[in-house]
Amino acid sequence: MITYLKILIESPEFLAQLLINGFLIGAIFALIAYGLALIWGVMDIINFAQGELVIFGGYITYTLFYQFGIHPILTIPIVAVVLYAYGWAIYKTIIYRLLGQKDIFITILATFGIAILMQQLMQAIFGPDVVTANPELGMQVLFDGKIIIANIQIISFLISLCVGTILFIVMRYSRFGQAIRATSQNSRAARILGIDIDKVYANTFAINAALCGIGGSLVVMIWTIHPFIGLVYTFRSFMIVILAGLGNFAGIIFAGMGVSALENVVGFIIGAEFQAAFIFCLLVIILIVRSARARKKREYIA
Amino acid sequence: MINKILGTAVKALVLSGLMISPVAMADTHTIPLGAAVSLSGKYSTAGNHTKNGYDLGVKYVNSMGGVSVGGKMYDIEIIYYDDESTPARGASLAERLILRDGVSFMLGPYSSGLTKAIAPVTEKHGVPMVEANGASRSLFNQGYKYMFAVLSTSEQYLQEAVNQIAEHAGKPASEITVALAMENDPFSQDIRAGVMDDVKRHGMKIVIDDKLPRDLSDMTSTLVKVKALKPDLLVVSGHSKGAALVVRQMNDLGVYVKMLALTHCESAKLHDTEKFGNLADYTLCAAQWAPSVTSEGAMFGTAGNYSAIFESEYGYVPPYQAAESTAAVLVMADALTRAGSLDKDAVRDALAATDMSTFYGQIKFSEAGNNIAKPMLLRQLIDGKYYVVAPANVADTALVYPRP
């Protein structure tokens, strides 16, 4: 452990490599987490099938790449459209029944059920094998090969950033974005003012699915996927949202990138097996601190 | 009251099970073997290889006239159930095979986990089981008396890689550095224990010893460590996801090691150049068996001959999971013949005394039930094809070291 720490101090290029990698891939997680935050904020639903939507998107990219010869990057818009429709369909069949549920466990159980169903269906359709779609885009060699960054990671970062920015603008300035925000703030008032909130909800969930799909396309290009790996992405996005807080767009980006970078450094120093454990410990500490602060505030007001 | 009804029901079930078996056998002159195999779920690819291997073995044995037990000829037949790749299901299906279908002999499931779930059941009922796909060392220290495994145990999987680096590194063993990235599951940790033993024996140095999480999705931190410390040998065992991931990410991160040894190359399809290009070239892969080995036996002849028969039947080159499954059927048939009766304990004793040459290799069981006569193979992947490089007496070609 101390040996590894020493390496990072003595040769900062390795630290730089870990951080850059973390920041770049963190943007993908931020994208997925943003989708989660969106439906959580607007519909008060915690989606435990988030990771399965990601993997589904990945499989579509993989299939289009190997069956139809479409370059994986070019599949992203197709995946977004397919997942948008898929998200809409899930909303119309299952999710709308969960709106206004007082008991959060019903929501969790229902979305968890969707997750299990999707795992099994993906396994039946795409097979249980581990797959990857290598876009073969080469890499950037910096500082005499001391730092090597795969181009696909840079491209994913830019794509995530673009999608995030577009979404941000839409939410801020368009009528549709206003409708979503109005529904989120007060759904009853929104309905009285003539907003079709059912449509808003369906769109919100579909947008989330499309975001997950785009994330999945990028995931299958950078790493590998198989039908049962979705939960990793669900938990990670959940964590990012908890860290950043709902409705905090900048916070989600920073949390996504920061967590991934920190995870890389921690994995380097104390070993890959403690990577996830460390991050979850951090989460617990942050929650304790935050709740202590909130309590103080309440007392002050009282 | 409910207890009483349940008790009667169970008794009736047991009795009906006991009664079905002799009747079925007397009528048709077949010996039923039971097998719960993963035909769906996450092990379904390998589970189907297992089933194909079993089926080919049964077909061949029956086409040679079946097995002769006490002067009478019997066909063998397998009753299959799908365990859905879940251990709990496997255990209950084993129970069902024994109690309801009345099988007296079992063939193993796919994977160590499933075997671990089924073995206590077969043991409880004194049903001999020949298994071909459970390699974990922890299966063989439970004192099981009715379980026999035709394959080499998991701690041997990558020991040969350590010997190879000792031989080829061109420097004293004490200067050789080794990095380990092993999944945190019993199978991979067994492999780690085996590699550790040999590393210690040679006096090499371990510079990285990472345990990969079960739901592994990213290996960046481990691989940057490898880049920093430049070990001579990197050993990775993380099932097919680990094999696929390490090959993809080593390239993306520009990490190079002189020797890379993996498990599960075949199931990760590293040889598929359409998917991995040449990223996996010169990787060393652990294998139980390969079609090019020189072993042969009375049934199927040589390994190459078996491979040809399998390919004409199923249309693909048999992976070792299929070959060892066929071997399990041959071992069972051989033991039934030698036992001269269908008594479970007689067959168990005959199995324990097995010493036969097969296309799969020599098979001879230790007291614990694992095969001690067959070595593990190390194959090198070059341009989409696997070449056996170790041990020396069965090697096709010389090892390419260092990786270019």
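Small disclaimer: the values here were computed from a predicted structure and weren't measured.

Colleague: Sorry, what's going on with the nonpolar core here?
Modeller: Nonpolar side chains in soluble globular proteins generally cluster together in the buried interior. Counting 218 residues, the largest nonpolar core has I240 of chain A together with M332 of chain B as its most contacted members. The leading source of residues in this core is helix α2 (residues 12-43) of chain A, at 19 residues. Apart from residues no more than four positions distant in its own chain, M332 of chain B is found in contact with L33, F105, L107 and V130 of chain B.

Colleague: Any chance you could explain the sheet that holds strand β17 (residues 385-390) of chain B here in plain terms?
Modeller: Where strands meet in a sheet, backbone hydrogen bonds hold them as pairs that are either parallel or antiparallel. Residue and element names in this part refer to chain B. As summarised here, the arrangement of the 7 strands in space is β8-β7-β9-β10-β11-β16-β17, forming an open sheet in which the pairing is mixed. The sheet terminates laterally at β8 (205-212) and β17, the two strands that pair on one side only. Across the sheet, the mean angle from the axis of one strand to that of its neighbour is 25°, orientation sign disregarded. Direction of pairing for strand β11 (residues 283-287) relative to strand β16 (residues 377-382): antiparallel, over a ladder of 5 bridges. Paired with A286 across the bridge in β16 is L378. Packed on one face of the sheet, helix α6 (residues 186-202) meets β7 (177-183), β8 and β9 (233-237) and runs near 165° to β7.

Colleague: Where do I start with unusual backbone geometry in this structure?
Modeller: Excluding glycine, residues mostly have negative phi values, and the peptide bonds linking residues are mostly trans. Residue and element names in this part refer to chain B. P391 follows A390 through a cis peptide bond whose omega is 0°. Topologically, P391 is positioned in the segment after β17. Here the phi dihedral of D383 falls at roughly 50°; this positive angle occurs in a residue that is not glycine. Here D383 lies in the loop between β16 and β17.

Colleague: What am I meant to see in helix α9 (residues 197-222) of chain A here?
Modeller: A turn of α-helix holds 3.6 residues, and therefore any two residues three or four places apart point the same way. Helix length check: α9 of chain A (26 residues) gives 37 Å between terminal C-alpha atoms against 38 Å at 1.5 Å per residue, within 8%. The buried count for α9 of chain A comes to 23 of 26 residues, which makes it a mostly enclosed element.

Each value, and the rule that gives it
Residues numbered from 1 in each chain as written. Chains lettered and ligands numbered in written order. Predicted model: local features only at pLDDT ≥ 70, side-chain atom pairs only at ≥ 80, totals over all residues. Core = buried A, V, L, I, M, F, W, Y, C linked by C-beta atoms within 7 Å. Buried ≥ 20, exposed ≤ 12 C-beta atoms within 10 Å, placed from the backbone. Helix = DSSP H or I, 4+ residues; strand = E, 2+ residues; numbered from the N terminus. Contact = placed C-beta atoms within 7 Å. Pairing = 2+ DSSP bridges. Axes fitted to C-alpha atoms, helices over the stretch in contact; angles between N-to-C directions. Expected span 1.5 Å × (residues − 1).

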